[in-house]
Amino acid sequence: MPRNLKEEVVFTAIMAGLMVFVMVCYNVMLVQGFTKGFMMNSLSEYPGGLLVAIILDLLVVGPIAKKLAFKYIINDYMKRNVVLIGITISVMMVLGMVTCMSLFGIIMSHNVSLTSYIHAWGFNIIVALPLQLLIVGPIARAVLGKMQSVTDKAKAVQESTSEEIE
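Okay, so let's go over this structure. All chains use their own residue numbering, which begins from 1 and follows the written sequence. Only residues with pLDDT of at least 70 get local features here, since the model is predicted, and only at 80 or more are side-chain atom pairs given and counted; chain-wide, interface and lining totals rely on the full set of residues. Neither water nor hydrogens contribute to the side-chain values; these are computed over all heavy atoms in the structure.

## What to know about the overall build of the protein chain
Right, so step 1: Helix and strand assignments come from DSSP, with helices taken as H or I runs of at least 4 residues and strands as E runs of at least 2, each series counted from the N terminus. When its secondary structure is counted, the protein chain shows five helices and zero strands.
Right, so step 2: Across the protein chain, helices and strands are ordered from the amino to the carboxyl terminus as α-α-α-α-α.
Right, so step 3: Taken along its principal axes, the extent of the C-alpha atoms in the protein chain is 70 × 40 × 25 Å.
Right, so step 4: The criterion used for residue contact is that any of the two residues' heavy atoms lie within 4.5 Å. In the protein chain, once contacts between residues fewer than 6 apart in sequence are set aside, the share between residues at least 24 apart is 63%.
Right, so step 5: Accessible surface computed for the protein chain: about 10500 Å², of which carbon and sulfur atoms make up 71%.
Right, so step 6: Distance between charge centroids for the protein chain: 10 Å, based on 12 positive and 10 negative side chains. Computed by Shrake-Rupley with a 1.4 Å probe, the accessible areas treat only the displayed protein chains as cover when residues are assessed. Residues scored as charged are limited to Lys and Arg (positive) and Asp and Glu (negative), so that His and the chain ends carry no count. Here the site of a charge means NZ on Lys, CZ on Arg, CG on Asp, or CD on Glu.

## A word on the pattern of salt bridges
Right, so step 1: A side-chain nitrogen of Lys or Arg and a carboxyl oxygen of Asp or Glu constitute a salt bridge if their distance falls within 4 Å. Tallied over the entire structure, the rule returns three salt bridges.
Right, so step 2: Residue arginine 3 pairs with aspartate 152 through a salt bridge whose shortest N-O separation is 3.0 Å. Within this pair, whereas arginine 3 is found in the segment before helix H1 (5-32), its partner aspartate 152 is found in helix H5 (residues 114-165), the two being separated by 149 residues in sequence.
Right, so step 3: Burial classes follow relative accessibility: with a 1.4 Å probe on protein chains only, a residue under 20% of its type's maximum area counts as buried, one over 50% as exposed, and anything between as partly exposed. What makes arginine 3 partly exposed here is its relative accessible area of 48%.
Right, so step 4: Since its relative accessible area comes to 35%, aspartate 152 is described here as partly exposed.
Right, so step 5: Close ionic contact of glutamate 8 with lysine 66 constitutes a salt bridge, the shortest N to O distance being 3.7 Å.

## Observations regarding a nonpolar patch on the surface
Right, so step 1: Like-charged residues are merged into a patch within 9 Å and nonpolar side chains (Val, Leu, Ile, Met, Phe, Trp, Tyr) within 5 Å, provided each residue has over 30% relative accessible area and no salt bridge. Together, Leu51, Ile55, Leu58, Leu59, Val60, Ile64, Leu68, Tyr72 and Ile73 make up a nonpolar patch on the protein surface, roughly 850 Å² of accessible area in all.
Right, so step 2: Examined against the element boundaries, leucine 59 turns out to sit in helix H2 (residues 38-73).
Right, so step 3: Leucine 59 sits in the exposed class, given a relative accessible area of 65%.

Given below as structure tokens:
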């Protein structure tokens, strides 16, 4: 879990960046197939999707998912295992982000209807959940772990240097 704003920004950038890129490619492929313009269309949709996803992640879905997870799902047993907390929050985040980003997608495609939304949500959740739990989440957590390890080592060196000077 991120411990400060810098770590939160890096973690969110990796998580949202990878998730949005794969999901944009997936949705473009669902609409047009794997055509000659597939990559250009995916890349043109990516910046807007990334911006919306980061805003939703940091300001709406993230805080709500964490609050609900800690209030209703995470119990004392789970608090002893950081992995269970991470998985629980990841699942809550995916549910919230798929719910919001599917709506964003159908609005952007000018195909707003309840059936379009349900169809988009269903097709997105079957890719987003395993993508998050098996690929993107572990990558983001590994980078965050390396970042925290470097920070912890730097603090330890700084503290030992300060003690030697005194």
